[in-house]
Amino acid sequence: MLRRDRSRNHATPTERARRIREAERRDRELRERGIDPDEYERQRAAIRSGRASDVRARASRAATAGTNGSPALAGERRGPSLRAVLLSALTLLLAVVLIGGVLLWGRVSAFNDSVSTSAAMSSKLFGPLGGKDRVNVVLLGYGGPEHGGGAYLADSIQILSIDPSTDTTTMIPIPRDFWIEGLPEIPNNGKINEVFAIGHQLGGIEEGAQLMTEVLSNVTGLEIQHWMAIDFAGFRDMVDAVGGVTVENPTAFSYTWDEAKFHAGTWDGGSFEVGTLHLNGTQALDYSRVRYASVPEEASDFARSVRQQRVLSALRSKLGAGGLGSLGPGLAMMDALKGRMRTDLSAFDLFLLSGHLNPDRRIELGEGVILEATSNTIGQYILVVIGRADGTDYQPLRDYLASELAQPIPSASPATSSVQP
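Residues numbered from 1 in each chain as written. Predicted model: local features only at pLDDT ≥ 70, side-chain atom pairs only at ≥ 80, totals over all residues. Heavy atoms only, no water.

Let us look at the overall build of the chain. In terms of helices and strands, the chain carries 12 helices and 14 strands. A total of 421 residues make up the chain; the buried ones form 40% of that total. For the chain, the proportion of contacts with a sequence separation of at least 24, taken over those separated by at least 6, is 66%. If you sum the accessible surface of the chain, you get close to 22,900 Å²; carbon and sulfur atoms cover 55% of it. (Helix = DSSP H or I, 4+ residues; strand = E, 2+ residues; numbered from the N terminus. Buried < 20%, exposed > 50% of the residue type's maximum accessible area, 1.4 Å probe, protein only. Contact = heavy atoms within 4.5 Å. Areas by Shrake-Rupley, 256 points an atom, 1.4 Å probe, with all protein chains shown as cover.)

Our focus in this paragraph is the confidence of the model for the chain. Across the chain, the average pLDDT comes to 83, with 81% of residues at 70 or higher. Within the model, pLDDT remains below 50 along residues 69-76, and this stretch shows 10 contacts once partners closer than five positions in the same chain are excluded. Contacts of residues 412-421 to residues separated by more than four positions or lying in other chains number 17 contacts, the stretch itself having pLDDT below 50. (pLDDT = per-residue confidence, 0-100.)

Running from amino to carboxyl end, helix H7 (residues 281-289) crosses helix H8 (residues 301-318) at an angle of 145 degrees, the nearest separation of the two axes being 7 Å. Where H7 approaches H8, its residues Ala284, Tyr287, Ser288 and Arg289 are matched on the opposing element by Arg304, Arg307, Gln308, Arg310 and Val311. Across the contact of H7 with H8, the residue classes tally to 3 nonpolar, 2 polar and 4 charged. (Axes fitted to C-alpha atoms, helices over the stretch in contact; angles between N-to-C directions. Nonpolar A, V, L, I, M, F, W, Y, C, P; charged D, E, K, R; others polar.)

Taken in spatial order, the 6 strands line up as E11-E6-E1-E2-E3-E12 in an open sheet, and their pairing is mixed. The strands lining the two open edges of the sheet, one partner per strand, are strand E11 (341-343) and strand E12 (361-362). Here strand E3 (residues 168-173) runs beside E12; their pairing, made up of 2 bridges, is parallel. For Thr170, the partnering residue across the bridge sits in E12 and is Arg361. (Pairing = 2+ DSSP bridges.)

Before going further, it helps to examine the pairing of strand E6 (residues 226-231). Summarising burial for E6: 6 of the 6 residues are buried, a large majority. Burial of E6 is two-sided: the residues His226, Met228 and Ile230 facing one way and the residues Trp227, Ala229 and Asp231 facing the other way are all buried. In this sheet, E11 lies alongside E6 in antiparallel orientation, the contact comprising 3 bridges. Considered in E11, the bridge of Ile230 is made with Met341.

A few words now on the packing of aromatic side chains. Enumeration over the complete set of coordinates arrives at 11 aromatic pairs. Between Phe178 and Tyr394 the ring centres are 6.3 Å apart and the planes differ by 70 degrees, which places this aromatic pair in the edge-to-face class. Highlighted residues: Phe178 in the loop between E3 and strand E4 (179-180) and Tyr394 in the loop between strand E14 (381-385) and helix H11 (395-406), separated in sequence by 216 residues. On the accessibility criterion, Tyr394 (2% relative accessible area) is buried. Each ring, one from Phe272 and one from Tyr287, has its centre 5.1 Å from the other, and the planes form 80 degrees; the classification is edge-to-face. Of the two residues, Phe272 sits in strand E9 (residues 270-272) while Tyr287 sits in helix H7, which places them 15 residues apart along the sequence. Side by side, Phe272 and Tyr287 carry an identical accessibility label, which is buried. Of the aromatic side chains, those joined through ring pairs into one cluster are Phe253, Tyr255, Trp257, Phe272 and Tyr287. We note Arg307 situated over the ring of Tyr287; from NZ or CZ to the ring centre the distance is 5.8 Å. (Phe/Tyr/Trp six-rings, centres within 6.5 Å; stacked < 30°, edge-to-face > 60°. Lys NZ or Arg CZ within 6 Å of the ring centre and 35° of its normal.)

Another point: the pairing of strand E13 (residues 371-375). Sheet topology places E13 next to E14; 5 bridges connect them, and they run antiparallel. From the neighbouring strand, Ser375 faces E14, where its bridge partner is Tyr381. Between E13 and E14, which pair antiparallel one after the other, the connecting turn spans 5 residues, and Gly379 there sits at a positive phi close to 85 degrees.

We now examine the environment of Leu345. Looking at the element boundaries, Leu345 is found in the loop between E11 and helix H10 (347-354). We classify Leu345 as buried; its relative accessible area is 0%. A sequence separation of 233 residues divides Leu345 from Asn112, and the C-alpha atoms of the two residues are 8.9 Å apart. In this structure, Leu345 is in contact with Ser116, Ser118, Lys124, Leu125, Val137, His226, Leu350 and Leu353, ignoring residues within four places of it in sequence.

Listed below in C-alpha cells is the structure:
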C-alpha cells in the first residue's frame with residue numbers, strides 16, 4: 001500500500017514537468033513563426049470567454065422557452081412555431097383566393113359584356129325568384145349567320161315558367177307553326193317563328209327577342225319578362241365545351257333534312273339508336289332539331305321539343321350541384337357562348353336560371369287538345385287555337401294555360417316526365 005502511494009506522489013512532479021516542457025516547446029514554435037506567446041494566450045482566452053457567453057445565452061433562451069410550454073434543449077436551434085406556420089398558410093390561402101377571385105370575376109365580367117344587355121353586377125331574377133309571382137323566361141334557338149336561309153327564324157321556342165312559391169318549373173314549348181293573326185307586331189300575319197326574324201330586321205337580336213316576348217305575352221296570357229337567344233353554332237359549341245352530353249333515347253329513328261326525301265322514305269341524314277346516347281355538339285344539335293324522321297311519333301315539333309329538353313337537362317347535369325366542381329364546366333360553357341348568345345339577363349341571373357333547366361313538368365300545346373292543324377291561304381301547314389271565335393281570338397289558349405299551371409305538379413320525377421312526348 002505504501003509503495004502505491006509513493007508511486008502516485010512520484011507521478012505528480014513528472015506530469016507537471018511534462019506540461020512545462022510542452023509549454024516551452026510551444027512557445028519556441030510560436031517565436032519561430034513570429035508570434036508573441038503572451039499575445040497568443042490573451043487571444044485564446046478572449047475566444048474562450050466569448051464562446052462561454054454564447055453558450056450561456058442559448059441556455060438561457062432554451063430555459064425561457066421551456067417555461068412557456070415549448071420544450072427546448074440548450075444550444076439547440078428552434079424552427080418556426082406552429083402559430084407562425086398556420087399564419088403563413090392562412091395568408092397564402094387568402095392571397096390565392098383573392099387573386100383567383102379577381103381573375104374569375106374578370107372572366108365572368110368579360111362574358112357578361114359579350115352576351116348581355118344588363119350590367120354584370122345587376123340581377124333581375126334574385127328578387128323575383130324569392131317572391132310569389134311567376135317568373136317567365138323564353139328560350140329561343142335560331143340558325144344564325146352561318147345557317148344560310150331562314151337564319152333568324154326561331155327554330156325553337158320554349159317558355160320556362162317558374163313558380164317561386166313552390167320552387168318548381170314548368171316548360172311550355174311553343175310550336176313554330178303556331179299561326180299569329182291580328183297583332184300589330186306582325187301586321188301581315190304569319191307563323192310565330194317569323195316574329196323573331198321580323199324583329200331582327202328592325203333592330204337585331206335584342207329587337208327580335210323583345211318582339212317575341214310581346215307576342216307570346218299576348219297570346220299565352222303569361223307575362224314573359226325575360227329572354228335568352230342562342231344560335232345553332234353556340235348550342236353545338238356549348239355541348240362540345242363540356243365534353244358532350246348523355247341522354248336516354250326511348251325510340252330509335254332515322255332522319256333526313258330534305259322534305260322530298262322524307263316523303264320518299266330516304267333517310268340519308270343519319271340515325272339515333274334506342275337507349276343511352278352520348279352526343280357530341282353536332283349530334284346533339286341534330287338530335288334537337290330534326291323533324292323529318294322515319295318514326296311518325298318523332299316527326300313533329302312536339303317530339304323535337306321533348307328531345308331539346310333532354311339535351312338541356314343533360315347540359316344542366318354537367319354543372320352538378322354547384323361549388324368548385326361546377327366551376328370548370330361553367331367557365332367552359334361561358335367561353336363557348338361568347339358571341340353566340342344574347343340575353344337581357346346578367347351572368348349572375350344565368351347562374352340562377354341554370355337550376356331550372358331541368359323542369360318539373362311540361363305543358364304540351366297538343367293537336368286535338370288546344371291546337372288544331374289547318375292551312376293558310378297559300379297552303380302552308382299551320383296550327384290554330386281550338387275554340388277561337390275568329391283568327392284573332394287567343395282567349396281559349398290563355399284559359400287553357402292558366403288552368404294547367406294551376407294544377408299541382410305530379411309526383412313523378414322530372415326525368416320521367418321530361419322524356420314523354
